[in-house]
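Spelled out, the chains give:
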Amino acid sequence: MADAKSLVALFEAMTENLERDRPDLNQLDRDDGDSGDNMVNNFRLVTSALQQQINTGAGSDLGAALAQAAQVLRDNGKGATAPIYAQGLDQAASNLSGRSDFSLNDLQPMLEGLLGGAQQSSGAAPGQGTLLDVLLPAIGAFSQAKKKGDGDLDAILTALLEARRAANHTAQSPQGHGRGSGRNTQGEIDPGAAGAASLLEGLFGALLKGALNQGGNAAGSNEPAAQPAASGNPIFEMIGSLFRPKG
């Protein structure tokens, strides 16, 4: 079990991946060209709010900390996806209410909360080529793998691969949603979907690197753990603490 700082590290990793993908996300946005800018801004707000909660001691309840981050995003976020992710964070906050530590066991309820809130607030249906068409299959793949008894790394890798596949698949949607509504969007990857994929790739990719930092032994694996290798990255080292044997 790791402390609450590992949750902040996960959001920092997601934000850093969005930062790397910012130019590509902006290029996919055929309206304002600022989808990447908005995603980076919004998850920087979330990460900073969580960090502040942890630093002041208010993060002793992870649910309350996530709820505060959701409110900050709702009040100050940019772009059409800000209220969608805020609602998702609110639902994730409910699922983690009363938790003072964050462990791998908390990942599934957090992700399912994020998905559930997004489904409630997006106004879109699956198959319309939106962020739901990434969140639903990727998070669903992770949850299904865990329910089947797959190890953490197997579930993470399955979800990681599904996120990018799902984003690319939105190019097959014949009509868009929101600003893309009413025109043929076939051949265009939805920027909101691509942003969701970048977000999840940052999350799951960081978890994989964190596991490797701890020797790569996932829960449910029968393989002996290798010796941890220092990554030199404090974010991955903090995330790697999620994979340390409980004792």
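What you see is a predicted model; the values in this text were computed from it and never measured. (Residues numbered from 1 in each chain as written. Predicted model: local features only at pLDDT ≥ 70, side-chain atom pairs only at ≥ 80, totals over all residues. Heavy atoms only, no water.)

A word on the pattern of salt bridges
Across all of its chains, the model carries nine salt bridges by this definition. Between Arg30 and Glu188 there is a salt bridge; the shortest N-O distance is 3.7 Å. Taken together, the residues Arg30 in the loop between α1 (5-28) and α2 (35-55) and Glu188 in the loop between α7 (152-169) and α8 (191-213) connect sequence positions 158 residues apart. In this structure Arg30 comes out as partly exposed when scored by relative accessible area, which is 47%. Judged by its relative accessible area of 18%, Glu188 falls in the buried class. One salt bridge connects Arg165 with Glu162, and the closest N-O pair in it is separated by 2.5 Å. Taken together, the residues span about one helical turn, with Arg165 and Glu162 both in helix α7 at a distance of three residues. Judged by relative accessible area, which is 19%, Glu162 ranks as buried. Taken together, the shared-partner salt bridges in this structure form one network comprising Glu19, Arg22 and Asp37. (Salt bridge = Lys/Arg side-chain N within 4 Å of Asp/Glu carboxyl O. Helix = DSSP H or I, 4+ residues; strand = E, 2+ residues; numbered from the N terminus. Buried < 20%, exposed > 50% of the residue type's maximum accessible area, 1.4 Å probe, protein only.)

Section: the nonpolar core
In terms of nonpolar packing, the biggest core is built from 73 residues, with Phe11, Leu200, Phe204 and Leu207 touching the most fellow members. Considering every element that reaches this core, the biggest residue donor is α8, with eleven residues. If near-sequence neighbours (up to four positions away) are discounted, Phe204 is found in contact with Leu111, Phe142, Ile156, Ala159 and Leu160. (Core = buried A, V, L, I, M, F, W, Y, C linked by side-chain atoms within 4.5 Å. Contact = heavy atoms within 4.5 Å.)

Note that every value here comes from positions in space, so none of it alone points to a role or purpose.
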